[in-house]
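Below are the chains, spelled out letter by letter.
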Amino acid sequence: MQPKKPAAAGGNPLEISASFTPVPDLFFYGTLRHQPLLELVIGRPLTQLTIAQAHLPDHAVYAVAGQVFPMIVSEKGSMAKGLLVQGFNQEDLNRLSYYEGGFVYDPSSQNVQLADGTTFKASVFFPEPGLWTPDGPWSQQDWVDRWAEVTLLAAQEELAYYGRVDATTISRYFSPIRTRAWARLAARKRRTGDPRDTDKDVIVQGYKRAHLNYFGMDELEVRHRRYDGTMGPVLHRSGLMQGAAVIVLPYDPVRDTVLLVEQFRAPVFLIDDPEPWMWEPVAGMIDPGETPEQAAHREAMEEAQVTLNALEYAGGAYSSSGSSTEYLYLFVGLGDLTRTIDNGGVASEGEDIRTQILPYDTFMQKVGNNEFKDLPLLSLAHWLARHRDRLRN
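So, how was this worked out
Residues numbered from 1 in each chain as written. Predicted model: local features only at pLDDT ≥ 70, side-chain atom pairs only at ≥ 80, totals over all residues. Heavy atoms only, no water. Helix = DSSP H or I, 4+ residues; strand = E, 2+ residues; numbered from the N terminus. Buried < 20%, exposed > 50% of the residue type's maximum accessible area, 1.4 Å probe, protein only. Contact = heavy atoms within 4.5 Å. Core = buried A, V, L, I, M, F, W, Y, C linked by side-chain atoms within 4.5 Å. Patch = residues over 30% accessible without salt bridge, like charges linked within 9 Å, V, L, I, M, F, W, Y side chains within 5 Å. Areas by Shrake-Rupley, 256 points an atom, 1.4 Å probe, with all protein chains shown as cover. Salt bridge = Lys/Arg side-chain N within 4 Å of Asp/Glu carboxyl O. Pairing = 2+ DSSP bridges. Axes fitted to C-alpha atoms, helices over the stretch in contact; angles between N-to-C directions. Lys, Arg positive; Asp, Glu negative; His and termini not counted. Polar contact = N/O pair within 3.5 Å; in protein donor to acceptor, adjacent residues only side chain to side chain. Parallel < 35°, antiparallel > 145°, perpendicular 65-115°, else oblique.

As a further point, take the overall build of the protein. Looking only at helices and strands, the protein features 10 helices and 16 strands. C-alpha atoms of the protein, sized along the principal axes, occupy 80 × 60 × 40 Å. Scored against the burial criterion, the 393 residues of the protein give a buried share of 47%. A fraction of 66% describes how many contacts in the protein between residues 6 or more apart in sequence connect residues 24 or more apart.

The following block contains the structure:
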């Protein structure tokens, strides 16, 4: 589609107030150049807009250190490639403001150019000064190949709260939202050979993202095919939406010892258990882009300051399939266990962790005496009992 004539300058283009006129053109240089994402954010077909390849002179697009999205910076002689998009209405702008507000980006009026040299006044999202650190040139194709799918899933959850939760709150929970999106991608590949087809055997009659916090809570009205071949009644169900996690029991086969971590667990306290400090294996969520094995090594260092030499996979399963989406990858991690700590965990996540090292026989005696209340710990204890002789040899 050919661009329209340049829009008049002036005003913050993404003010929520409907008094802003005329509707501005926007220039996208990063993730919103990916048109499926842009369409999802504005909530209507892009065929209703005018889109053209363009560039912003004397600017460059860089990756953000520690993030998967880019930033734009002033850079004499460089050229930031992107899309000039025209035809937004006020609701589009409100939705874009909501989405980009979660990233702490603000719009600025700039002169962008088409290939033929035509100049258009357009708004560009700039990061808050000093907020991000540039980290090499940004590759749009590399981002599409690695991150587009998970970004679309995260945006679906984020935009589900548009009009219900403010952008500042959304930004606070963006990390767990992306963790859940990464877990959803993994779940889609989790097949064991069941021949049933959810497209034919499950009917969703209602779906709502009901609550957002560190975890999400989704509500579902669903029918599924019964064993007699008929469709069952409508079931009203809810699920605690979580990412996938790793559980790692460090084991020293030379010294024949295991390491446990202890920390306060709020849900155990909420159910009125008088002992909410739990002895557990090392555990943690799998971050977007991580494999379970990478997460296992990282969590062992973060929580217990232990370097693992090798991992033994002990299976994977849903932790509580009737109430939660959490999927656990279980490992026994082999390493030298020589010291304990009382300052483990990540302070920014509120973790306060101490560790203890137990001889194997003492550990199994405590398991037999029902002194532990953590199910993954019990599962790994029984796995270790079956494989201990092999690991020691």
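A word on the nonpolar core. Judged by nonpolar contacts, the single largest core of 53 residues is most densely connected at Phe28, Phe88 and Leu96. With eight residues, helix α3 (residues 140-160) is the single largest residue contributor to this core. Apart from residues no more than four positions distant in its own chain, Leu96 is found in contact with Leu26, Phe28, Leu32, Leu38, Val41, Ile42, Phe88, Gly101 and Phe125.

The next thing to look at is a nonpolar patch on the surface. Taken together, the side chains of Phe264, Phe269, Leu270 and Trp277 define a hydrophobic patch exposed on the protein surface, amounting to about 490 Å² of accessible area. By the secondary structure assignment, Leu270 is in helix α7 (residues 266-270). For Leu270, a relative accessible area of 68% translates into the label exposed.

The next subject is the environment of Arg33. Here Arg33 lies in the loop between β1 (25-28) and α1 (35-42). Given a relative accessible area of 23%, Arg33 falls into the partly exposed group. Ignoring sequence-local partners within four residues, the contact set of Arg33 consists of Phe28, Lys81, Gly82, Leu83 and Gln140.

Once that is clear, we can look at unusual backbone geometry. Phi is positive for Asp272, close to 75 degrees, though the residue is something other than glycine. Relative to the assigned elements, Asp272 resides in the loop between α7 and β12 (277-280). The backbone of Gln305 sits at a positive phi, close to 55 degrees, despite the residue not being glycine. Structurally, Gln305 is set in the loop between α8 (292-304) and β14 (310-318).

Turning our attention to the environment of Glu312. Tracing the sequence through the fold places Glu312 in strand β14. Taking the C-alpha atoms as reference points, Glu312 and Glu39, 273 residues apart in sequence, are found 44 Å from one another. Excluding residues that lie within four positions of it along the chain, Glu312 makes contacts with Leu330, Phe331, Val332, Leu334, Trp383, Arg390 and Leu391.

Ordered by their spatial adjacency, three strands build an open sheet running β7-β8-β9, and the pairing between neighbours is antiparallel. Each edge of the open sheet carries a strand with a single partner, namely β7 (202-212) and β9 (235-241). Adjacent strand axes in the sheet meet at a mean angle of 25 degrees when their direction is disregarded. Strands β7, β8 (216-224) and β9 of the sheet are contacted by helix α5 (residues 174-187), whose axis makes an angle of about 155 degrees with β7.

Okay, the side chain of Asp374 next. Here Asp374 shows up in the loop between α9 (360-368) and α10 (375-392). No salt bridge is formed by the buried Asp374; the nearest opposite charge belongs to Arg265, separated by 6.4 Å. Among the polar contacts listed, one links the side chain of Asp374 to the backbone nitrogen of Leu377, at a separation of 3.1 Å. Sequence-distant contacts of Asp374, defined by excluding residues within four places in its chain, comprise Met278, Trp279, Glu280 and Pro281.

To continue, consider the packing of α1 against helix α2 (residues 90-101). Where α1 contacts α2, the two axes come as close as 8 Å, and the packing angle between them is 110 degrees. What the angle tells us is that α1 and α2 run roughly perpendicular. Packed against α1, whose contacting residues are Leu37, Leu38, Leu40, Val41 and Ile42, the element α2 presents Asp92, Arg95, Leu96 and Tyr99 at the interface.

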